[in-house]
Amino acid sequence: MSSIKNVTTNDFRAEVTEADKPVVVDFWAEWCGPCKKLGPILEEVATELGDDVKVVKVNVDNERSLGAMFQIMSIPSVLIFKGGEKVDEFVGLRSKKDIVAQIKKHI
């Protein structure tokens, strides 16, 4: 079972900005090849980091307002939130090692 939750405009605040730990938000789309490759890597990251971090996904085709709010121009785009604020981001496919290192800076 996936440990990554899909979030929408309706629950973004509760799941991301009001979270008590860093949140990794993957902005993706069903048709995006690199997004499909990043998904399993983020699953591994979520498992490895466990309770230290929350990993969620936002489908930009279904949640256009969230994509616009965070000025998502390319996908996959991954934003890291801490204390309700965006503290880091990256665009494109990355290795698990690079992603974990980037997230650990905010734990």
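Presented here is an overview of the structure given in this document. Remember, it's a predicted structure, so these values are computed and weren't measured experimentally.

Rules used throughout
- Residues numbered from 1 in each chain as written.
- Predicted model: local features only at pLDDT ≥ 70, side-chain atom pairs only at ≥ 80, totals over all residues.
- Heavy atoms only, no water.
- Phe/Tyr/Trp six-rings, centres within 6.5 Å; stacked < 30°, edge-to-face > 60°.
- Helix = DSSP H or I, 4+ residues; strand = E, 2+ residues; numbered from the N terminus.
- Buried < 20%, exposed > 50% of the residue type's maximum accessible area, 1.4 Å probe, protein only.
- Lys NZ or Arg CZ within 6 Å of the ring centre and 35° of its normal.
- Axes fitted to C-alpha atoms, helices over the stretch in contact; angles between N-to-C directions.
- Parallel < 35°, antiparallel > 145°, perpendicular 65-115°, else oblique.
- Left-handed = near helix turned anticlockwise from the far one by under 90°.
- Contact = heavy atoms within 4.5 Å.
- Nonpolar A, V, L, I, M, F, W, Y, C, P; charged D, E, K, R; others polar.
- Pairing = 2+ DSSP bridges.
- Core = buried A, V, L, I, M, F, W, Y, C linked by side-chain atoms within 4.5 Å.
- Salt bridge = Lys/Arg side-chain N within 4 Å of Asp/Glu carboxyl O.

### Some thoughts on the packing of aromatic side chains
Scanning the model with the defined rule gives 4 aromatic pairs in all. Geometrically, the ring pair formed by Phe12 and Phe70 is tilted, given 5.3 Å between the ring centres and 40° between the ring planes. Highlighted residues: Phe12 in helix H1 (residues 12-17) and Phe70 in the loop between helix H3 (64-69) and strand S4 (77-82), separated in sequence by 58 residues. The pair formed by Phe12 and Phe70 is uniform in burial state, with each residue classed as buried. Grouped by ring-pair contacts, the aromatic residues Phe12, Phe27, Phe70 and Phe81 constitute a single cluster. Across from the ring centre of Trp28, 4.9 Å away, lies the NZ or CZ of Lys57, which sits over that ring.

### Focus: the packing of helix H2 (residues 33-49) against helix H4 (residues 96-104)
Across the interface, H2 lies against H4 with an axial gap of 10 Å and an inter-helix angle of 50°. Put simply, H2 runs oblique to H4. Here the hand of the crossing between H2 and H4 comes out right-handed. Counted together, Leu38, Ile41, Leu42, Glu44, Val45, Glu48 and Leu49 of H2 and Lys96, Ile99, Val100, Ile103 and Lys104 of H4 form the full contact between these two elements. Looking at the contact of H2 with H4 residue by residue, the classes come out as 8 nonpolar, no polar and 4 charged.

### Focus on the pairing of S4
Extensive coverage of S4 is indicated by the burial of 5 of its 6 residues. Counting the residues in the hairpin turn of S4 and strand S5 (residues 85-91) gives 2 residues, including Gly83, whose phi is positive at 60°.

### Observations concerning unusual backbone geometry
Negative phi characterises most residues that are not glycine, and trans characterises most peptide bonds. Here the bond from Ile75 into Pro76 is cis, since omega is 0°, no more than 30 degrees from zero. Along the chain, Pro76 turns up in the loop between H3 and S4.

### Topic: the nonpolar core
Phe12, Val25, Phe27, Phe70 and Phe81 are the most contacted members of the largest nonpolar core, which totals 20 residues. Looking at this core, the elements with two or more residues in it are H1, strand S2 (23-28), strand S3 (54-59) and S4. It is S2 that provides the largest number of residues to this core, a total of 4 residues. Not counting residues up to four positions away in its chain, the partners in contact with Phe12 are Val7, Thr17, Val25, Val58, Leu66, Phe70 and Phe81. Formed by 16 residues, the second largest nonpolar core is a distinct cluster that contains Leu38, Leu42, Val55 and Ile103.

### Examining the pattern of salt bridges
On inspection of all chains with the given rule, the structure shows 8 salt bridges. Between Asp88 and Lys105 there is a salt bridge; the shortest N-O distance is 3.9 Å. A residue pair is termed long-range when its members are at least 10 positions apart, and Asp88 in strand S5 and Lys105 in the segment after H4 qualify at 17 residues. Under the relative-accessibility criterion, Asp88 is labelled buried at 16%. Within the structure, one salt-bridge network assembled from shared partners comprises Lys5, Asp11, Glu15 and Lys54.

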